[in-house]
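The lines below spell out each chain.
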Amino acid sequence: MHTPYPWTVEPATKNGDAYIFAGPDRDKTLVAFVYLPDCKDNARLIAQAPFLLLALKELIGEHDAQPLPQGWYYWPDTGGMTLARQAVAQATGNADDED
């Protein structure tokens, strides 16, 4: 299981490297250290990973809970829904094809 959000980005050095922490200030845990050159963009993306995972799970749940039209057995996935399911599977360790 991943470290729950919120994750925050904090400067690590004067050259722009960053720490990513999880949890409240007094109990925060170091999650990652991000180096230059793309530090700020990568750090923001990494820090939002738990929230993005939650959003994808909610989206999939809402999709799957929709009532089916008469005669339908399932909702076919669109390309976006297929990508969302793949992303959640990879993030949670449930992907068929893990490296």
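Preceding this paragraph is the structure being described.
Presented here is an overview of the structure given in this document. (Residues numbered from 1 in each chain as written. Predicted model: local features only at pLDDT ≥ 70, side-chain atom pairs only at ≥ 80, totals over all residues. Heavy atoms only, no water.)

A short note on the nonpolar core
Trp7, Ala18, Ile20, Ala22, Ala32, Val34, Cys39, Ala43 and Ala47 form the largest nonpolar core, which has nine residues in total. Sorting the residues of this core by element identifies strand E2 (18-22), strand E3 (29-34) and helix H1 (39-65) as the ones contributing at least two each. Not counting chain neighbours up to four residues away, the residues in contact with alanine 47 comprise Trp7, Val9 and Ile20. Listed in part, the five residues of the second largest apolar core include Leu53, Ile60, Met81 and Ala84. (Core = buried A, V, L, I, M, F, W, Y, C linked by side-chain atoms within 4.5 Å. Buried < 20%, exposed > 50% of the residue type's maximum accessible area, 1.4 Å probe, protein only. Helix = DSSP H or I, 4+ residues; strand = E, 2+ residues; numbered from the N terminus. Contact = heavy atoms within 4.5 Å.)

Some thoughts on the sheet that holds strand E1 (residues 7-11)
Judged by pairing direction, the sheet is antiparallel, and its three strands sit side by side in the order E1-E2-E3 without closing on themselves. The strands lining the two open edges of the sheet, one partner per strand, are E1 and E3. Each strand axis lies, on average, 25° off the axis of its neighbour in the sheet, ignoring direction. Here five bridges tie E2 to E3, and the two strands are oriented antiparallel to one another. Bridging from a neighbouring strand, phenylalanine 21 pairs with leucine 30 of E3. (Pairing = 2+ DSSP bridges. Axes fitted to C-alpha atoms, helices over the stretch in contact; angles between N-to-C directions.)

Brief notes about the packing of aromatic side chains
By the definition in use, this model includes three aromatic pairs. Centre to centre, the rings of tyrosine 19 and phenylalanine 21 are 5.7 Å apart; their planes meet at 45°, and the pair counts as tilted. On the basis of relative accessibility, which here comes to 30%, the residue tyrosine 19 falls in the partly exposed class. Through a chain of ring-to-ring contacts, the aromatic side chains of Tyr19, Phe21 and Phe33 assemble into a single cluster. (Phe/Tyr/Trp six-rings, centres within 6.5 Å; stacked < 30°, edge-to-face > 60°.)

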